[in-house]
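What follows is the residue order along each chain.
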Amino acid sequence: MAEFAAVERGELGVARTFRRGFGGDTANFIVAAARMGSRCGYITRLGGDEFGRAFISLWAESGIDYSQVRIDPERRTAVYFIARRPDGGHDFTYYRTASAASHLRPEDLDAAYLSGIRVLHTSGISQAISDSARATVRAAIDIVSGAGGTISYDANIRPALWSLDLARDVAERTFGRAQLVFLSSEDASHLYPGGRPGDVVRRVLERGPRLVVMKLGADGCMIAPTGGAVVELPGWSVDAVDSTGAGDAFAGAFVSAWLDGASPEAAGSFANAVGALTVMGLGAADSIPTRPAALTFLEKPRIGHHHRRE
């Protein structure tokens, strides 16, 4: 989605100056993974408009393969606005109904292309935006899994997009097909109200993934491997400007480090640094740091110490 982030803090209706950028959870993820040095490609539909062309330029500059992106001349690229609250949080206003991306369909997939990738990353938002997009995610998982690839899944539960009952059903089915699952504490509260973080990650592990990572924002993350101890890794103390896309950047950095052979704990520490740097800028994709910047930031003192829960 094309992004317009309010420069001033306050309600959207009083904002007068906006910074145009790029957003969308999986789009943020792929930019982060590419900036961390991974070889990446993206699959979606874009409108045949200026915002669609801007995304192509972003991906080209980032070294992201966009050969599987379909241009839909009949539909528009979605748009959203970010209002920044005085407390550092944010509120979103979306204009994405009937967008080009929501018309993604299984026929858009190239089975040969998907069969050659190491990791397919997708999300609950990709599944929520339309029935055809949900079917496309399912078909892509079938192809990649059948070819021996790894499935990475970020729950990203958004009640405004679909019912919680459907979201829970789809998410739990996807947990069972993914090897790596990300979710936030907010996702956990939607899926399993009242559940403690440690209990939630174990519940998700029971569905079958090898590794579950819960994103805890400024508090860092919790990592739960199958058959191992749950590890909590602290975050960094930073002056947050805008947290938009930080969780997506975290996931992209984690997968990139994991693919490079990092242990889950090392990947989590690296991803925490990328998430912290991302919240220090305005907007989603534009704020995602480069790998050298993240490595330098890793040398800064962290909040507390990590510990294990048996």
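Residues numbered from 1 in each chain as written. Predicted model: local features only at pLDDT ≥ 70, side-chain atom pairs only at ≥ 80, totals over all residues. Heavy atoms only, no water.

Our focus in this paragraph is the pattern of salt bridges. This structure, assessed with the given rule, holds 14 salt bridges. R105 is paired through a salt bridge with E107; the nearest N and O atoms lie 4.0 Å apart. Residue classification places R105 among the partly exposed positions, given a relative accessible area of 39%. Here R196 ties to D199 by a salt bridge, and the two come within 3.1 Å at their closest N and O atoms. Taking the relative accessible area as the measure of exposure, R196 reaches 59% and is therefore exposed. Of the residues examined, D199 reaches a relative accessible area of 36% and is grouped as partly exposed. Several salt bridges converge on common partners, so that one network encompasses R45, D72, R75, R105, E107 and D108. (Salt bridge = Lys/Arg side-chain N within 4 Å of Asp/Glu carboxyl O. Buried < 20%, exposed > 50% of the residue type's maximum accessible area, 1.4 Å probe, protein only.)

Strand order in the open sheet formed by four strands is 2-1-5-6, and the pairing between neighbours is mixed. The sheet is open, and its two borders are formed by strand 2 (18–22) and strand 6 (90–95), each paired with just one other strand. For this sheet, the mean angle separating the axes of adjacent strands, direction not counted, is 25°. The pairing of strand 1 (residues 2–9) with strand 2 spans five bridges and is antiparallel. When the sheet's bridge partners are listed, E3 is paired in strand 2 with G21. (Pairing = 2+ DSSP bridges. Helix = DSSP H or I, 4+ residues; strand = E, 2+ residues; numbered from the N terminus. Axes fitted to C-alpha atoms, helices over the stretch in contact; angles between N-to-C directions.)

Right, let's talk about the packing of aromatic side chains for a bit. Per the counting criterion, the structure on display carries 15 aromatic pairs. On the basis of an interplanar angle of 75° and a centroid distance of 5.8 Å, the ring pair of F4 and F51 is categorised as edge-to-face. Residue F4 is found in strand 1, and its partner F51 is found in helix 2 (residues 50–62); the two are separated by 47 residues along the sequence. A centroid spacing of 5.0 Å and a plane angle of 70° characterise the contact between F22 and F55, whose relative ring orientation is edge-to-face. A residue pair is termed long-range when its members are at least 10 positions apart, and F22 in strand 2 and F55 in helix 2 qualify at 33 residues. Here the aromatic residues F4, F18, F51, F81 and Y95 are joined through ring pairs into a cluster of three or more. Geometry around Y94 places R96 over its ring, the cationic atom sitting 4.1 Å from the centre. (Phe/Tyr/Trp six-rings, centres within 6.5 Å; stacked < 30°, edge-to-face > 60°. Lys NZ or Arg CZ within 6 Å of the ring centre and 35° of its normal.)

What follows deals with the side chain of T278. Its place among the elements puts T278 in helix 10 (residues 264–278). If near-sequence neighbours (up to four positions away) are discounted, T278 is found in contact with D242, T244, G245, A246, A249, A284, S287, I288 and P289. (Contact = heavy atoms within 4.5 Å.)

Quick look at helix 9 (residues 246–259) now. Compared with the 20 Å implied by 1.5 Å per residue over 14 residues, the 20 Å span of helix 9 between its first and last C-alpha is a close match. Of all 14 residues making up helix 9, 12 are buried, and the element is well covered by its neighbours. Within helix 9 the residues assigned to the buried category are A246, D248, A249, F250, A251, G252, A253, F254, V255, S256, A257 and W258. (Expected span 1.5 Å × (residues − 1).)

One finds I30, W59, I64, L180, F182, V213 and F254 to be the most contacted residues of the largest nonpolar core, which totals 47 residues. It is helix 9 that provides the largest number of residues to this core, a total of eight residues. Not counting the four nearest positions on each side in its chain, L180 is found in contact with I151, S152, Y153, L211, V213, F254, V255 and W258. Counting residues in hydrophobic clusters, the runner-up holds 32 residues, among them Y153, V181, V200 and V230. (Core = buried A, V, L, I, M, F, W, Y, C linked by side-chain atoms within 4.5 Å.)

With that settled, consider the packing of helix 9 against helix 10. Contact geometry of helix 9 with helix 10 gives a least axis separation of 8 Å together with a crossing angle of 145°. In this structure, helix 9 meets helix 10 at a crossing whose hand is right-handed. Contacts between helix 9 and helix 10 involve A246, A249, F250, A253, F254, A257 and W258 on the former and, on the latter, P264, A267, G268, F270, A271, N272, V274, G275 and T278. Taken together, the residues of the contact of helix 9 with helix 10 sort by class into 12 nonpolar, four polar and no charged. (Left-handed = near helix turned anticlockwise from the far one by under 90°. Nonpolar A, V, L, I, M, F, W, Y, C, P; charged D, E, K, R; others polar.)

Okay, the environment of V212 next. As for its position among the elements, V212 is in strand 10 (residues 211–215). Separated by 12 residues in sequence, V212 and A224 place their C-alpha atoms 5.1 Å apart.

Attention now goes to the confidence of the model for the protein. Of all residues in the protein, 96% attain a pLDDT of 70 or more, and the chain-wide mean is 93. Counting contacts from residues 304–310, a segment whose pLDDT is below 50, to residues more than four positions away or on other chains yields 22 contacts. (pLDDT = per-residue confidence, 0-100.)

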